[in-house]
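# Examining the three-dimensional arrangement
If you want the building blocks of each chain, they are given just below.
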Amino acid sequence: MDLELQQLSLFSSLQHEFMPYKDVWHSPSHLRRDKTRLKYSAMLRRFNIPSSHHTQTTSSELSPIAMWIADMDIPPCAYIISAVSNNLRSTYGYQSCDIGDAVATWYERSRPPNYNYKVENTDIVDVASVISAVDVALRTFCQSGDKVMVLTPTYEPLTSSIKRNGLKPVYIRCTESLSSPKADLGDVSRCQSLVKDDSHAQGCSGDNTERAARSSIDLSSLDKSATAFVICHPNNPTGTVLSRVEQQAVFEFCLQHNILLITDEVHSEFAFNSADEPTIISMFGLDNQGEVNKLDSQTEKYKKPSVLPRAIHLNSVSKAFNLASIPGASYAVIKDKQTRETFAEAISAKHLNASNLGKVALIAAYSEGSTWLDEVKEALSFNRKLVKRFFQHYGISVEFTMGRAGYFLWLNLKTFNATCSHSSLSSSMDSYETVTNNHTRGQYPQTSNDKPASIKCSLPLYYSPARTVEACIERGVIGNDGAPFGAPDHIRLNIACHPALIEEALLRLCFIPQFK
């Protein structure tokens, strides 16, 4: 462990809990030497980081903390590296292998208990990337001017793909509730009006306060005149996992109005329960009874529909197994035969199938990578708990979520409370003004000896939270501006990194040091 990291009070107090994960993440000192990854090499030009702060230093707290690109600070599973290396040494020329069996077996092994929906190897179409697959699906099944529903906030390339194809986005508001909604028969019964209404869907009835707290999307805004619905699920950046009731309502709505459902499920492997412990979620819309359920009005029991809506479920091993540099193969799971054949033909015509090496990586990941993935999820569980403990420890009130899946912290910068309740810290705004007036904004504060100041070592700290993305960048916390996602004043931070970096980033966002 780097000596300077031991000065982080919260992380230091959790060393015993962190021990099982100490070998998962690359240390901050290792990351400072890594010049090959885009998240470091592109910071200088994209975020206008002063060159003096981009060079190596001996103090990790002074280096910009890269929390913007969605990869993890961990090398891929050794078995995958070996499989890829062996393939490169033993094959040449055009090669191809089939991933159908590997994908079907993975879903068979990793699905939730009593989950009867079965992915067949014939359901699979391999694709070069999820975004290219979304683009091809929209070009193939929609016509210019068509409406396409999409969540907001959500991953910007999905919205851009809709617009680039001459389609009209219909934004469906997505939030992340703090509670853990659990569907029951009563919820499903109340939601039947969503799919029976002949105009737009109507919201569920019942207790309005409870439904408002538990709703993840505005079901009343679903548009029956749309041609398709693009859903990032789990949602990036909020981590939202729609409740079972909401997923069923969306499935029923798309089925009734013949709307193509396109789901980006690349973050589905990183699912957590309300206690931030790793869990498993099913493929979108397919709950633990196997298919979309309908309530029979006569028997008041569930019955399975004879058909499913046209759906293209997209996933990849690139996110789950950190294989972006290869990249690992992506794929579509499509049950409807006609939709699958039409989509596969369009993918092949544009030469957008997955590469052979990407398929080799997928097969290795799905056959031998489950233990590695479980360890990563446990380490992410610790990081999620650390974030919540940080705000509790310092008595900071702010709106944030990590959702129920993924590895993002989604932070509403405008909602930081005015004062901090931690007894050893000051929240004097007058002191903050004194500091900023004496030093150039856009640079890190300097001490009287013209040496960069350490937030960890300069006490007391003054509570003065960064309330804009620009202010976060000035403090060296490099995250994604929420505006392109559809949520100005928010920032997305990647927490798939060493927890010491997470605490340091949060300290920079919330506090500035006092200078003697």
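Residues numbered from 1 in each chain as written. Predicted model: local features only at pLDDT ≥ 70, side-chain atom pairs only at ≥ 80, totals over all residues. Heavy atoms only, no water.

## Re the overall build of the protein
Scanning the protein from terminus to terminus reveals 21 helices and 19 strands. The buried share of the protein, reckoned over its 516 residues, is 54%. Accessible surface computed for the protein: about 22,300 Å², of which carbon and sulfur atoms make up 49%. (Helix = DSSP H or I, 4+ residues; strand = E, 2+ residues; numbered from the N terminus. Buried < 20%, exposed > 50% of the residue type's maximum accessible area, 1.4 Å probe, protein only. Areas by Shrake-Rupley, 256 points an atom, 1.4 Å probe, with all protein chains shown as cover.)

## A short note on the pattern of salt bridges
Applying the stated criterion across every chain, the model contains 17 salt bridges. Across the pair Lys 39 and Asp 73 runs a salt bridge whose closest N-O atoms are separated by 3.2 Å. One end of the pair, Lys 39, is in helix 4 (residues 38–41); the other, Asp 73, is in the loop between strand 1 (65–66) and helix 7 (78–90), and 34 residues separate them in sequence. No difference in accessibility class separates Lys 39 from Asp 73, as the two residues are buried. The network of salt bridges with shared partners includes Arg 37, Lys 39, Asp 71 and Asp 73. (Salt bridge = Lys/Arg side-chain N within 4 Å of Asp/Glu carboxyl O.)

## Examining the nonpolar core
Note on soluble globular proteins: their nonpolar side chains tend to be buried together. Counting 117 residues, the largest nonpolar core has Phe 229, Phe 321 and Ile 396 as its most contacted members. Apart from the residues lying within four places of it in its own chain, the contact partners of Ile 396 are Phe 390, Phe 391, Phe 416, Asn 417, Cys 420, Tyr 463, Cys 510 and Phe 511. Leu 167, Ala 228, Val 230 and Phe 343 belong to the second-largest nonpolar core, a separate cluster that totals 28 residues. (Core = buried A, V, L, I, M, F, W, Y, C linked by side-chain atoms within 4.5 Å. Contact = heavy atoms within 4.5 Å.)

## A word on helix 7
Quick reminder: α-helices carry 3.6 residues per turn. Residues three or four places apart thus point the same way. The first and last C-alpha atoms of helix 7 sit 18 Å apart over 13 residues, in line with the 18 Å expected at 1.5 Å per residue. Those residues of helix 7 lying buried are Ile 80, Ala 83, Val 84 and Asn 87. In an axial view of helix 7, the angular spread of the buried residues amounts to 95°, which keeps them on one side of the axis. Residues of helix 7 that are exposed and point more than 90 degrees away from the buried face comprise Ala 78, Arg 89 and Ser 90. On its buried face, helix 7 sits against helix 17 (356–368). (Expected span 1.5 Å × (residues − 1). Arc of directions from axis to C-beta.)

## Points about the packing of aromatic side chains
All chains considered together, the criterion is met by 19 aromatic pairs. Look at Phe 251 and Phe 284: their rings are 6.1 Å apart centre to centre, the planes differ by 65°, and that puts the pair in the edge-to-face class. Of the two residues, Phe 251 sits in helix 14 (residues 244–256) while Phe 284 sits in the loop between strand 8 (278–279) and strand 9 (294–295), which places them 33 residues apart along the sequence. Accessibility assignment for this pair places Phe 251 and Phe 284 in one class, buried. Their ring planes at 35° and their centres at 4.9 Å tell us that Phe 391 and Phe 400 sit as a pair that is tilted. On the basis of relative accessible area, Phe 391 is assigned to the buried category, the value being 4%. Through a chain of ring-to-ring contacts, the aromatic side chains of Trp 106, Tyr 107, Phe 321, Tyr 331, Tyr 366 and Trp 372 assemble into a single cluster. (Phe/Tyr/Trp six-rings, centres within 6.5 Å; stacked < 30°, edge-to-face > 60°.)

## So, the packing of helix 7 against helix 17
For the pair helix 7 and helix 17, the least separation of the axes is 9 Å and the interaxial angle reads 145°. The two elements helix 7 and helix 17 cross, and the hand of that crossing is right-handed. Between helix 7, through Tyr 79, Ile 80, Ala 83, Val 84, Asn 87 and Leu 88, and helix 17, the contact on the second element is made entirely by Asn 356, Leu 357, Val 360, Ala 361, Ala 364, Ala 365, Ser 367 and Glu 368. Each residue belonging to the contact of helix 7 with helix 17 can be placed in one class, and the counts come to 10 nonpolar, three polar and one charged. (Axes fitted to C-alpha atoms, helices over the stretch in contact; angles between N-to-C directions. Left-handed = near helix turned anticlockwise from the far one by under 90°. Nonpolar A, V, L, I, M, F, W, Y, C, P; charged D, E, K, R; others polar.)

## Structural notes on the sheet that holds strand 12 (residues 330–333)
The strand order 2-12-11-6-5-3-4 describes an open sheet built from seven strands, whose pairing is mixed. Because the sheet does not close on itself, it has two edges, and the strands there are strand 2 (124–127) and strand 4 (168–173). Here the average twist between neighbouring strands, direction ignored, is 20°. Two elements, strand 5 (residues 228–232) and strand 6 (residues 260–264), share five bridges in a ladder whose sense is parallel. (Pairing = 2+ DSSP bridges.)

## A look at the sheet that holds strand 17 (residues 480–481)
In spatial order, the strands read 13-14-18-17; together these four strands make up an open sheet with antiparallel pairing. Strands with a single pairing partner mark the edges of an open sheet, and in this sheet they are strand 13 (400–401) and strand 17. Note that strand 17 and strand 18 (residues 490–494) share two bridges and pair antiparallel. Residue pairing for strand 18: Asp 481 is matched across the bridge by Ile 491.

## Quick look at the state of the cysteines
If you walk through the whole model with that rule in mind, you get zero disulfides. You can see Cys 472 has no disulfide; the closest cysteine sulfur is in Cys 510, sitting 9.3 Å from it. (Disulfide = S-S within 2.5 Å.)

## Examining the side chain of Glu 269
Tracing the backbone shows Glu 269 in the loop between strand 6 and strand 7 (271–272). Buried within the structure, Glu 269 lacks any salt-bridge partner; Lys 377 is the closest side chain of opposite charge, at an N-O distance of 5.9 Å. (Lys, Arg positive; Asp, Glu negative; His and termini not counted.)

## What about the confidence of the model for the protein?
Of the residues in the protein, 75% have a pLDDT of 70 or more, and the chain-wide mean is 81. Within the model, the stretch residues 54–61 combines pLDDT values under 50 with 21 contacts to residues more than four positions away or in other chains. Low pLDDT (under 50) marks residues 178–213, which in the prediction has 62 contacts with non-local residues, meaning those over four places away or in another chain. (pLDDT = per-residue confidence, 0-100.)

## Re the environment of Tyr 331
Looking at the element boundaries, Tyr 331 is found in strand 12. With a relative accessible area of 0%, Tyr 331 lands in the buried category. Here Tyr 366 takes part through its side chain, which lies 2.7 Å from a polar atom of the side chain of Tyr 331. (Polar contact = N/O pair within 3.5 Å; in protein donor to acceptor, adjacent residues only side chain to side chain.)

## Some points on the packing of helix 9 (residues 130–141) against helix 10 (residues 156–164)
Axes are the key here: two packed helices are described by the angle between their axes and the distance separating the axes. At a closest axis distance of 10 Å, the pairing of helix 9 and helix 10 adopts a crossing angle of 30°. The angle between helix 9 and helix 10 places the two elements in the roughly parallel class. In the crossing of helix 9 with helix 10, the sense of the turn from one axis to the other is right-handed. Two secondary-structure elements touch here, helix 9 through Ile 131, Val 134, Asp 135 and Leu 138 and helix 10 through Pro 157, Leu 158, Ser 161, Ile 162 and Arg 164. Taken together, the residues that form the contact of helix 9 with helix 10 break down as six nonpolar, one polar and two charged. (Parallel < 35°, antiparallel > 145°, perpendicular 65-115°, else oblique.)

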